[in-house]
Amino acid sequence: MSLADRFEIESLRSEFNDAGVTGDPDRMAALFTDRGIWRIPAANVTFTGHAEIREGLTRLRDLWEFFVQEAHPGTIALDGHQATGRTYVHELGRFRDGTAFQIHGVYHDRYEHTADGWKFAERVNEVLYRDDSPLPGQPPSVVP
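Residues numbered from 1 in each chain as written. Predicted model: local features only at pLDDT ≥ 70, side-chain atom pairs only at ≥ 80, totals over all residues. Heavy atoms only, no water.

Draft legend 1. Quick look at the nonpolar core. Phe16, Met28, Phe32, Trp38, Ile53, Tyr111 and Phe120 are the most contacted members of the largest nonpolar core, which has 26 residues in total. Filtering out sequence-adjacent residues up to four positions away, phenylalanine 16 remains in contact with Met28, Leu31, Phe32, Trp38, Gln69, Tyr107, Phe120 and Arg123. (Core = buried A, V, L, I, M, F, W, Y, C linked by side-chain atoms within 4.5 Å. Buried < 20%, exposed > 50% of the residue type's maximum accessible area, 1.4 Å probe, protein only. Contact = heavy atoms within 4.5 Å.)

Structure follows, in structure tokens:
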């Protein structure tokens with residue numbers, strides 16, 4: 001694998017994280033191939049293609065009071081114009097109904113090299129640990 005391929009895939013994964021935390025559905029959708037799939041089995045959610053991914057992120061963001069996801073590098077294995085990889089994540093957030101969560105998990109990825117560079121062909125979130133304890137803090141925008 002060339003350093004340029006590795007750098008581009010790492011950048012793709014970072015863009016996903018940033019688009020999710022900032023709630024940018026257009027940028028999120030553009031990170032996937034035309035028929036790309038984003039799955040979150042623990043939430044029974046599958047989004048396929050740009051329109052569903054865009055609408056799905058918007059719908060998810062509308063549920064949250066706040067959401068933070070930290071990504072940690074995993075693996076990348078290149079096979080020509082295809083690649084696979086893993087990214088480890090820590091997520092925490094609170095839904096508008098007051099329930100909260102912290103999750104440690106891993107994304108299992110399939111990447112495809114396109115005319116526009118590396119894109120997600122599929123991204124599947126696996127929960128490794130979940131804690132539904134209340135989060136006592138507040139995001140800065142709601143602290144008195």
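This is not the end of the story, as more comes after the structure.
Draft legend 2. Broad picture of the environment of valine 45. When you line up the elements, valine 45 lands in strand β2 (residues 45–48). Assessed through its relative accessible area of 10%, valine 45 is described here as buried. Spatially, the C-alpha atoms of valine 45 and threonine 114 are 26 Å apart, while their sequence positions differ by 69 residues. Beyond its immediate chain neighbours, meaning those up to four positions away, valine 45 contacts Trp38, Arg39, Ile40 and Arg59. (Helix = DSSP H or I, 4+ residues; strand = E, 2+ residues; numbered from the N terminus.)

Draft legend 3. How the structure looks around the packing of aromatic side chains. Within this structure, the stated rule accounts for ten aromatic pairs. Relative to tryptophan 38, the ring of phenylalanine 16 has its centre 5.5 Å away and its plane inclined at 85°; by these criteria the two rings are edge-to-face. Of the two residues, phenylalanine 16 is situated in helix α1 (residues 3–22) and tryptophan 38 in strand β1 (residues 32–40); the sequence distance between them amounts to 22 residues. Here phenylalanine 16 matches tryptophan 38 in class, with each residue buried. Pairing phenylalanine 16 with phenylalanine 120 gives two aromatic rings, centres 5.7 Å apart and planes at 70°, and the pair type is edge-to-face. Of this pair, phenylalanine 16 sits in helix α1 while phenylalanine 120 sits in strand β6 (residues 117–131), and the two are 104 residues apart along the sequence. Given the relative accessible area of 0%, phenylalanine 120 is considered buried. Pairwise contacts between aromatic rings join Phe16, Phe32, Trp38, Phe47, Tyr107, Tyr111 and Phe120 into one cluster. The positively charged end of arginine 123 is found above the aromatic ring belonging to tyrosine 107, 4.1 Å away from the centroid. (Phe/Tyr/Trp six-rings, centres within 6.5 Å; stacked < 30°, edge-to-face > 60°. Lys NZ or Arg CZ within 6 Å of the ring centre and 35° of its normal.)

Draft legend 4. Representation of the sheet that holds strand β5 (residues 100–114). Read from one edge of the open sheet, six strands run β2-β1-β6-β5-β4-β3, paired in mixed fashion. Edge positions in the sheet fall to β2 and β3 (64–79), since each has one partner strand and no second. Strand-to-strand twist of the sheet, defined as the mean angle between neighbouring strand axes without regard to direction, takes the value 15°. As paired strands, β5 and β6 are joined by 13 bridges and run antiparallel to one another. Bridged to histidine 108 within β6 is valine 124. Contacting β1, β3, β4 (82–95), β5 and β6, α1 runs over the sheet at an angle of about 165° to β3. Most of the contacts of helix α3 (residues 49–63) go to β1, to which it runs at about 35°, and overall it touches β1, β2, β3 and β4. (Pairing = 2+ DSSP bridges. Axes fitted to C-alpha atoms, helices over the stretch in contact; angles between N-to-C directions.)

Remember that the coordinates give geometry; whether it matters functionally is a separate question.
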